[in-house]
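# An overview of the molecular structure
These are the residues of each chain, in order.
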Amino acid sequence: MDKLILIGSKISGETIHGSLGKPEYSYYFLMREFVPALERLGTVVEVATLEEVDELFERYGALGREVVFLSFSPPQQTPLGLRCPTVSVFAWEFDSLPSIAWGANPQDDWRYAFARMQGAISTSREAAALVEDAMGKRFPVVALPAPVWDRYAELGDPAGMSLSLGERQLSFRGVVIDSPLLGLSADGLVRKPEPVVEAPPAEPVAQSRLAEAWQLSKALLRGWWDEIRLPYRSGDEGHAVAESVAAAPEEAEEPERQVVLDGVVYTTVLNPADSRKNWVELITAFCWAFRETEDATLVVKMTHHDLEHYRIVLMTLLSRLAPFRCRVLVLHGFLEDHQYRELIGATTYYVNASSGEGLCLPLMEFLSAGRPGIAPVHTAMADYVDERLAFLIKCSPEPFCWPHDPTGIFMTHRHRLNWQSLLEAYQASYQVAKEDPARYQRMSAQAFARMRGFASVEAVAAPLGAFLDTISQTLAPRLDRSLAP
């Protein structure tokens, strides 16, 4: 009789569109990617409530069937006290585990949480080693990546991708901020913009695109000016606070449009609210590296539900960097699967400039499709990134706090980005794309092969099955670990 494997996440398929950028939203995508490997090991059921977990456990456990619940959530949010054996599937990107219960929740001390679970699955070897150090070798823990290779392998080639720098198209339904169409100038930061006039006449074939760009530019400029001219608010320690001038109108559904890309295309997918991503540095290094290069494009797919969260920072940043001849294209909105595949197909390199990653699904997905990367070698990325498939970014450790620690005390480390190294990686990768297509193809083949051996369903299912068998064998008696203060 096969196992009954229950899975659950704080975010569901019904709520993901409105949850982009919110805490733990990425766990939904992590759970989704694990399903094919889990289906090789048993029957998989996604649960919506904790009551459903114990109800299914009692019903099928009485029939002699093995039941386990995989909670795709960080340990401090994994439900404890269920009758069903529970395993936390989590991502972690720091060099120490939270070991202090700073609030009323003792679960903030991860040792407390792990002691009341039946095991843990980490998405990186570094984090799995930390759990083993904290809980001892008898505690079941395994490091497993999300098995993403199978979903994107058809976009790659075992022999490596032949480089194409011609025109490519991407369909997208959402807000498109395209730097060449914005009329960027640093002058707008220090003086009131001129009165808006009507857009000049355009040729019929280009009229729709120009009108669309003109309307977007006017809306961004008006909102930008309204916010930067607001006075300081007292009680905020000298920092300017941009308050809402008026309630934002209800957003209408954006029409699907065709985005045209050409030349060397760099892509990054990130949450602008996540301080680890270094998205400001990522854009500044790109614009500085290619300020005189017309055929270099950076596509930034923002995974956040609210454009206003980052719009002012983005527009100010681009205006300060202007003039530059390269292109920065920011996409705000949800990408359907076929649109995401089009984005991968149009990409030359994927870029990650993060100070830490628990896994980085987008980087793994683009590598699986044979797209080389630009990335550092630390945290989870150290498990699969090397110089054969990516241009490497230098980093150095610096003190930092655990992200959910309200005290902000420096108890761990993150990896500080070397901005000059990122700029040089951009330049070196561009040179390869333009002058050494054979090397690009070798890097593409290496990316495809590396992810096949690391993150395919076949590569993940076997150790995952062995881990679940270990859980079954060690369920009783359950050790009660008491923690010394």
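Predicted model, so just to flag it, every value in this text is computed and none were measured.

On a plain count of helices and strands, the protein comes out with 13 helices and 17 strands. Pairs at least 24 apart in sequence give 75% of the contacts found in the protein among residues at least 6 apart.

For helix α9 (residues 337–346), the set of buried residues is Gln339, Tyr340, Leu343, Ile344 and Ala346. Tucked inside the fold, the buried residues of α9 contact α5 (149–152), β7 (168–173), β9 (256–261), β10 (264–270), β11 (296–302) and α10 (361–368).

Helix length check: helix α1 (residues 26–39), at 14 residues, gives a terminal C-alpha distance of 21 Å against a target of 20 Å (1.5 Å per residue), a fit within 8%. By the largest-angle criterion, Glu33 marks the main kink of α1, which is about 25°, and a proline, Pro36, follows within four residues. Buried within α1 are the following residues: Tyr27, Tyr28, Phe29, Leu30, Met31, Glu33, Phe34, Ala37 and Leu38.

Moving on, we come to the sheet that holds strand β1 (residues 3–9). Judged by pairing direction, the sheet is parallel, and its six strands sit side by side in the order β2-β1-β3-β4-β5-β6 without closing on themselves. Two strands bound the open sheet, and with one partner strand each, they are β2 (42–46) and β6 (141–143). Strand-to-strand, the axes of this sheet are offset by a mean angle of 20°, without reference to chain direction. In this structure, strand β5 (residues 119–122) lies alongside β6, joined through three bridges in parallel fashion. In the strand pairing of β6, Ala120 is matched with Val141. In the packing of α1 onto the sheet, contacts are made with β1, β2, β3 (67–72) and β4 (86–90), and the angle to β1 comes to roughly 170°. Contacting β1, β2 and β3, helix α2 (residues 50–61) runs over the sheet at an angle of about 160° to β3.

In globular proteins that are soluble, nonpolar side chains generally tend to be buried together. Core analysis: the largest hydrophobic core is formed by 85 residues, its most contacted members being Phe34, Leu70, Phe114 and Tyr384. The biggest single contributor to this core is α1, with eight residues. If we ignore the near neighbours within four places in the chain, the residues touching Leu70 are Ile5, Leu6, Ile7, Gly8, Leu38, Val87, Val89 and Leu468. Counting residues in each nonpolar core, the second largest holds 46 residues, with Tyr266, Phe290, Phe324 and Tyr430 among its members.

This part takes up the packing of aromatic side chains. Taken as a whole, this structure holds 26 aromatic pairs when the rule is applied. On the numbers, 6.2 Å between centres and 15° between planes, the contact of Phe94 with Phe400 is stacked. Remark: Phe400 occurs in strand β16 (residues 395–400) and Phe94 occurs in the loop between β4 and α3 (110–115); sequence separation between them is 306 residues. For the residue pair Phe94 and Phe400, the accessibility class agrees, reading buried in each case. Site record: aromatic cluster; members linked through ring pairs are Tyr266, Phe286, Phe290, Tyr349, Phe391, Tyr426, Tyr430 and Tyr440. Taking NZ or CZ as reference, Arg116 lies 3.7 Å from the ring centre of Tyr112, over its face. The ring of Trp288 carries the charged tip of Arg291 above its face, separated from the ring centre by 4.4 Å.

Here α10 crosses helix α12 (residues 437–455) at 120°, and the two axes come no closer than 7 Å. When the interaxial angle is binned, α10 and α12 end up oblique. Touching Met364, Leu367 and Ser368 of α10 are Ala447, Phe448, Met451, Phe454 and Ala455, all from α12. A class-by-class count of the residues in the contact of α10 with α12 yields seven nonpolar, one polar and no charged.

Close contact between helix α7 (residues 279–289) and helix α11 (residues 419–435) brings their axes to 9 Å; oriented N to C, the two are set at 50°. Judged by the inter-axis angle, α7 sits oblique to α11. Between α7 and α11 lies a crossing whose hand is right-handed. Every residue of α11 that contacts α7 at Glu281, Leu282, Thr284, Ala285, Phe286, Trp288 and Ala289 is listed here: Trp419, Leu422, Leu423, Tyr426 and Gln427.

A few words now on the side chain of Gln118. With respect to the helices, strands and loops of the structure, Gln118 is situated in the loop between α3 and β5. A relative accessible area of 14% means that Gln118 is categorised as buried. In terms of polar contacts, Gln118 uses its side chain to reach the backbone amide nitrogen of Thr86, at 2.8 Å.

With that settled, consider the pattern of salt bridges. Applying the stated criterion across every chain, the model contains 23 salt bridges. Ionic pairing is found between Arg276 and Glu93, a salt bridge with its closest N-O pair at 3.1 Å. Taken together, the positions of Arg276 in the loop between β10 and α7 and Glu93 in the loop between β4 and α3 put the pair 183 residues apart, joining distant regions of the chain. Salt bridges linked by common partners bring Arg32, Glu33, Arg151 and Asp337 together as one network.

What follows deals with the confidence of the model for the protein. Residue-level pLDDT values for the protein average 85, and 80% of them are 70 or greater. This stretch, residues 223–251, has a pLDDT under 50; its non-local contacts, to residues over four places away or in other chains, come to 30 contacts.

Conventions and cut-offs
- Within every chain, residues take consecutive numbers counted from 1 along the sequence as written.
- With pLDDT at 70 or above as the cut-off, local features in this predicted model cover only qualifying residues; side-chain atom pairs require 80 or more to be listed or tallied, and sums for whole chains, interfaces and linings still use all residues.
- Side-chain metrics rest on all non-hydrogen atoms present in the structure, leaving aside hydrogens and water.
- By definition, any uninterrupted DSSP run of H or I lasting at least four residues is a helix, any uninterrupted run of E lasting at least two residues is a strand, and each is numbered from the N terminus.
- We call two residues contacting when some pair of their heavy atoms lies within 4.5 Å.
- Exposure classes here rest on a 1.4 Å probe applied to the protein chains alone. A residue is buried below 20% of its type maximum, exposed above 50%, and partly exposed in between.
- Here a helix's expected span is defined as the number of its residues, less one, multiplied by 1.5 Å.
- One fitted axis covers the seven residues ending at a residue, a second covers the seven starting there, and the bend at that residue is the angle between these axes.
- For two strands to pair, DSSP has to find at least two bridges joining them.
- A fitted line through C-alpha atoms serves as each axis, taken over the contacting stretch for helices, and the angle formed by two N-to-C directions is quoted from 0 to 180°.
- Working definition of a nonpolar core: buried Ala, Val, Leu, Ile, Met, Phe, Trp, Tyr and Cys residues. They are joined through side-chain atoms within 4.5 Å.
- Stacked, edge-to-face and tilted labels apply to pairs of Phe, Tyr and Trp rings (six-membered ring for Trp) whose centres lie within 6.5 Å, assigned for plane angles under 30 degrees, over 60, and everything in between, in that order.
- Remark: a charge is flagged as sitting over a ring if the NZ atom of Lys or the CZ atom of Arg is within 6 Å of the ring centre and within 35 degrees of the ring normal.
- Angle categories are assigned with fixed cut-offs, so that under 35 degrees is roughly parallel, over 145 is roughly antiparallel, 65 to 115 is roughly perpendicular, and the rest are oblique.
- In this classification, the charged set is Asp, Glu, Lys and Arg, the nonpolar set is Ala, Val, Leu, Ile, Met, Phe, Trp, Tyr, Cys and Pro, and all remaining amino acids, among them Gly, are polar.
- Crossing handedness follows the turn of the near helix against the far one: under a right angle anticlockwise gives a left-handed crossing, and clockwise gives a right-handed one.
- Here a polar contact means two N or O atoms within 3.5 Å. Within protein one must be a hydrogen donor candidate and the other an acceptor candidate, and residues neighboring in sequence count only if both atoms are side-chain atoms.
- The working definition used for a salt bridge is a side-chain nitrogen of Lys or Arg within 4 Å of a carboxyl oxygen of Asp or Glu.
- Confidence of the predictor in every single residue is expressed as pLDDT, which spans 0 to 100.

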